[in-house]
Amino acid sequence: MQNLFDIAGKVAVVTGGSRGIGAMIARGFLEGGAKVYITARKVDELNAAQRELAVFGDCVAIPSDLSSVAGIEAFAGAIAEREEHLDILVNNAGATWGAPVESFPEKGWDKTMDLNVKAPFFLVQQLLPLLRAAAGQGERARVINIGSVNGLSIDTAMQNFAYTASKAAIHHLTRHLAVELAGAGINVNAIAPGLFPSQMTAYMMEVATEEQLSANFPIPRMGGLEDAAGTAIFLSSRASEWMTGQVLALDGGMVARG
């Protein structure tokens, strides 16, 4: 029972691992003894994050553009050149776009859907050989998709139509992939975060304090490092061996409150 949450020696990929929830999860994995590959499009920001995270363990940065299948294939190929198996894939990279329904642009819709839904699917596809190889070593491989509470409930104050649709889609894709890949020894689950400090929520922090933003939550605070990392470690360890196809709301009770 003492090793239920052990991830030491595992190999993990965290997309969008240079900031926000991705960086929190990457740090948690590193402190738990895993080797972690992080990727993002902005090279300088990615390399800076790698230097900060390397203090906690073996962190490797590989720049990539996951908005296209060509970029996904190139990134998956770079991982395959370095590793014979992959224990954990965290699909965290994402985008959002806000605009009134009357003027919401096609480019905003396509950008959001491509990165939030298409990229996770095709990255799983391209990394399947490595995930299967990890499962063949006796422990189930893990895919963790980062969804959102906005995929579970609607905040009418936010005109992020493509984002909410994409997160609902990734939740359902999680369930579909979980059923499809269970026989291959791969568990697929999702985390639906609520309010965490990130680039996506920075504009909210400019007009209100954390206390004001979380005042109506049953647990009245924002999410933090231990919340994101702890949930991801649970979904990557023996503790969740019999769990697949689930979407865990990590939100201080916001969705439950309605």
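Bear in mind the structure is a predicted one, so any value in this text is a computation, not a measurement.

Criteria and cut-off values
Residues numbered from 1 in each chain as written. Predicted model: local features only at pLDDT ≥ 70, side-chain atom pairs only at ≥ 80, totals over all residues. Heavy atoms only, no water. Axes fitted to C-alpha atoms, helices over the stretch in contact; angles between N-to-C directions. Helix = DSSP H or I, 4+ residues; strand = E, 2+ residues; numbered from the N terminus. Parallel < 35°, antiparallel > 145°, perpendicular 65-115°, else oblique. Left-handed = near helix turned anticlockwise from the far one by under 90°. Contact = heavy atoms within 4.5 Å. Nonpolar A, V, L, I, M, F, W, Y, C, P; charged D, E, K, R; others polar. Phe/Tyr/Trp six-rings, centres within 6.5 Å; stacked < 30°, edge-to-face > 60°. Buried < 20%, exposed > 50% of the residue type's maximum accessible area, 1.4 Å probe, protein only. Expected span 1.5 Å × (residues − 1). Arc of directions from axis to C-beta.

### Considerations on the packing of helix 4 (residues 106–135) against helix 5 (residues 161–181)
And step 1. At their nearest, the axes of helix 4 and helix 5 sit 8 Å apart, and the two run at 15 degrees to each other. In terms of orientation, helix 4 and helix 5 fall into the roughly parallel class. As helix 4 packs across helix 5, the resulting crossing turns out to be right-handed. Each of Gly 108, Trp 109, Thr 112, Met 113, Asn 116, Val 117, Pro 120, Phe 121, Val 124 and Leu 128 in helix 4 lies in contact with helix 5, whose residues at this interface are Phe 161, Ala 162, Tyr 163, Ala 165, Ser 166, Lys 167, Ala 169, Ile 170, Leu 173, Leu 177 and Leu 181.
And step 2. Its residues assigned to classes, the contact of helix 4 with helix 5 comprises 16 nonpolar, four polar and one charged.

### Describing the packing of aromatic side chains
And step 1. Applying the stated criterion to the full structure yields four aromatic pairs.
And step 2. Ring centres 5.9 Å apart and planes at 75 degrees place the aromatic pair Phe 104 and Phe 161 in the edge-to-face group. Pair noted here: Phe 104 is in the loop between strand 4 (88–91) and helix 4 and Phe 161 is in helix 5, with a separation of 57 residues, a long-range link.
And step 3. Judged by its relative accessible area of 32%, Phe 161 falls in the partly exposed class.
And step 4. Here the aromatic residues Phe 104, Trp 109 and Phe 161 are joined through ring pairs into a cluster of three or more.

### Side note on helix 3 (residues 69–82)
And step 1. Spanning 14 residues, helix 3 covers 20 Å between terminal C-alpha atoms, matching the ideal 20 Å at 1.5 Å per step.
And step 2. When we look at burial in helix 3, the residues that qualify are Gly 71, Ile 72, Phe 75, Ala 76, Ala 78 and Ile 79. Take helix 3 and look down its axis: the buried residues cluster within an arc of 155 degrees, on one side only. Turned more than 90 degrees away from the buried face of helix 3 sit Ala 70, Ala 74 and Glu 81, all of them exposed.
And step 3. In this structure, the buried side of helix 3 is in contact with strand 1 (11–15), strand 2 (35–39) and helix 4.

### What about the side chain of Thr 231?
And step 1. Among the secondary structure elements, Thr 231 is positioned in helix 8 (residues 225–236).
And step 2. Residue classification places Thr 231 among the buried positions, given a relative accessible area of 15%.

Keep in mind that these numbers describe shape and distance, not what the molecule does.
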